[in-house]
Amino acid sequence: MSAERRAPVQDPPRGPLHGYRELRRIPGFWRIFSVGMASKLPNSMVELSLLLLVSRTYSYGVAGLAVAFLAVGQGVTAPLRGRLADRHSPRTVLLCCLAGYLVATALVVLAVSRQHSVAVVLTASAALGAASPPVAP
């Protein structure tokens, strides 16, 4: 009897995207991926939308101030929102922030459409930034 030699089994060649393909097999990946994509796509357009919305009724200077107030509202409250998400249920914090964000968005739209004073528009813009949900990659 002759012993047959078998060639060693080799793994298929790994390409540069192999690690990313492996991520798909991790339980819960698609849920986290979906939430991440849904939360980041519109966020980049908020500032531009606010600028265009406010500049239709007010000057570009006021529109720029509204965007600045939005950024300040986000920056000042970001550490607090992050700590709340770490200490409490992220679901609860995200839902509360979402509720505040929707209310603040409605306030900005109403303030601009009814041509309220600049102070009201800027305050509503700051509230919009302060209530933005703490989602990031």
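Quick summary incoming for the structure in this document. The structure presented is a predicted model; accordingly, all values stated were derived computationally and were not measured.

Description of the layout of surface pockets
The method is simple in principle: a probe with the dimensions of a water molecule rolls over the atoms, and the space it marks as empty is what remains.
Phase 1: Approximately 160 Å³ is the volume attributed to the second largest pocket.
Phase 2: Taken together, M45, V46, S49, L50, L53, Y101, T105, V108, V109 and L128 form the lining of the second largest pocket.
Phase 3: Taken together, the elements giving at least two residues each to the lining of the second largest pocket come down to α3 (46-57) and α5 (90-113).
Phase 4: Looking at the lining of the second largest pocket residue by residue, the class counts come to eight nonpolar, two polar and no charged.

Looking at the packing of α3 against α5
Phase 1: Interhelical geometry of α3 versus α5 gives an angle of 25° and a closest axis separation of 9 Å. As judged from the angle between their axes, α3 and α5 are roughly parallel. For the pair α3 and α5, contact is made by V46, L50, L53, V54 and T57 and by Y101, V108, V109 and V112, respectively.
Phase 2: When grouped by side-chain class, the residues that make up the contact of α3 with α5 number eight nonpolar, one polar and no charged.

Structural notes on the nonpolar core
Phase 1: If you look at the biggest cluster of nonpolar residues, it comprises 19 residues, and the most contacted ones within it are L50, V54, Y58, V121 and L128.
Phase 2: Taken together, the elements giving at least two residues each to this core come down to α3, α4 (60-87), α5 and α6 (118-130).
Phase 3: Leaving out residues up to four positions away in the same chain, L128 has contacts with V46, L70, Y101, A104, T105 and V108.

Basis of the calculations
Residues numbered from 1 in each chain as written. Predicted model: local features only at pLDDT ≥ 70, side-chain atom pairs only at ≥ 80, totals over all residues. Heavy atoms only, no water. 1 Å grid on protein atoms, 1.4 Å probe; cavity = no way out; pocket = protein on both sides within 12 Å on 5 of 7 lines; lining within 4 Å. Points joined across faces, edges and corners; volume = space filled by probe spheres on them. Helix = DSSP H or I, 4+ residues; strand = E, 2+ residues; numbered from the N terminus. Nonpolar A, V, L, I, M, F, W, Y, C, P; charged D, E, K, R; others polar. Axes fitted to C-alpha atoms, helices over the stretch in contact; angles between N-to-C directions. Parallel < 35°, antiparallel > 145°, perpendicular 65-115°, else oblique. Contact = heavy atoms within 4.5 Å. Core = buried A, V, L, I, M, F, W, Y, C linked by side-chain atoms within 4.5 Å. Buried < 20%, exposed > 50% of the residue type's maximum accessible area, 1.4 Å probe, protein only.

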